[in-house]
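# Descriptive structure summary
Each chain, written out:
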Amino acid sequence: MALQLMKLLVTASTTTSVDPEQEKFFHVTTGETSAGTTLSIDTADFFDDAGAVATDLPVLNTDNSYFNVYINGVLQMEGISTYTPGATTEGSLDVDVPAGGDPILAGTPIVLEVVNFSPTSTTDVAT
């Protein structure tokens, strides 16, 4: 008999779920932030969807997350914001107001949206 490659015959199906976990944080500026300066918002200066003072800004899952910043309802470019997760005095959002542009006025709403994904997969194998 000639040599043969022996292999298993297996049928499998995989189901993957990608469940986003979205959190929103809100802030209303109390003073003007001039062009060429940075607006720094501490965790405790945000409030959550329920209106409670934020106690912790969530960690971004590696390769499975993103954050968006809206100023006065307008989505901002990625390069002007720095997000640091954590509790009060540790976590913050820094917004660099471009030089030569307009300031952020007092009473301007700032919305921070943090989205983390928690993908899960299950595989059913039939032999």
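Our subject is the structure listed above.
Residues numbered from 1 in each chain as written. Predicted model: local features only at pLDDT ≥ 70, side-chain atom pairs only at ≥ 80, totals over all residues. Heavy atoms only, no water.

## Things to note about the overall build of the protein
The test is simple: Runs of E in the DSSP output that reach at least two residues are strands. Runs of H or I that reach at least four are helices, and both are numbered from the N terminus. Here the globule rule reads 2.2 Å times residues to the power 0.38, and the radius of gyration is calculated from C-alpha atoms. Summary of the burial criterion: residues with accessible area below 20% of their type's maximum are buried, those above 50% are exposed, and those between are partly exposed, where the area comes from a 1.4 Å probe applied to protein chains only.
Helix and strand counts for the protein come out as zero helices and nine strands. Relative to the compact-globule value of 14 Å for 127 residues, the protein shows a C-alpha radius of gyration of 23 Å, a clear excess of over 25%. Each principal axis of the C-alpha distribution contributes one length, and for the protein these read about 85 × 35 × 25 Å. Residue burial in the protein is summarised as follows: out of 127 residues, 26% are buried.

## A closer look at the sheet that holds strand β5 (residues 74-75)
Applied cut-off: Strands are labelled as partners when DSSP assigns at least two bridges between them.
Spatial strand order, β1-β9-β4-β5: four strands in an open sheet with antiparallel pairing. Strand pairing shows two members of the sheet lacking a second neighbour, β1 (11-28) and β5, which therefore form its edges. With seven bridges joining them, strand β4 (residues 65-71) and strand β9 (residues 109-126) adopt antiparallel strand pairing. Bridged to S65 within β9 is N116.

## Quick word on the side chain of S92
Heads up, the condition is: The contact criterion used throughout is that any non-hydrogen atoms of two residues lie within 4.5 Å.
Mapping S92 onto the fold places it in strand β8 (residues 92-96). With residues near it in sequence (within four places) discarded, S92 still touches I41, D42, T43, L57, T82, Y83 and T84.

## A few points about the packing of aromatic side chains
As a reminder of what qualifies: A pair of aromatic rings is counted whenever rings of Phe, Tyr or Trp (Trp by its six-membered ring) have centres within 6.5 Å, and the orientation is called stacked for planes under 30 degrees apart, edge-to-face for over 60 and tilted otherwise.
Summed over the entire model, instances satisfying the criterion amount to four aromatic pairs. Here the aromatic rings of Y66 and F117 are separated by 6.2 Å at their centres, their planes lie at 40°, and the arrangement is tilted. One end of the pair, Y66, is in strand β4; the other, F117, is in strand β9, and 51 residues separate them in sequence.

## Quick word on a nonpolar patch on the surface
To be explicit about the condition: Nonpolar side chains (Val, Leu, Ile, Met, Phe, Trp, Tyr) within 5 Å and like charges within 9 Å form the patches, drawn only from residues with over 30% relative accessible area and no salt bridge. Every accessible area reported is derived by Shrake-Rupley at a probe size of 1.4 Å, with residue values counting cover from the shown protein chains alone. The salt bridge criterion pairs a side-chain nitrogen of Lys or Arg with a carboxyl oxygen of Asp or Glu, the two atoms within 4 Å.
On the surface, L8, V10 and V125 cluster together into a nonpolar patch covering about 320 Å² of accessible area. According to the relative accessible area criterion, V125 is exposed, its value standing at 54%.

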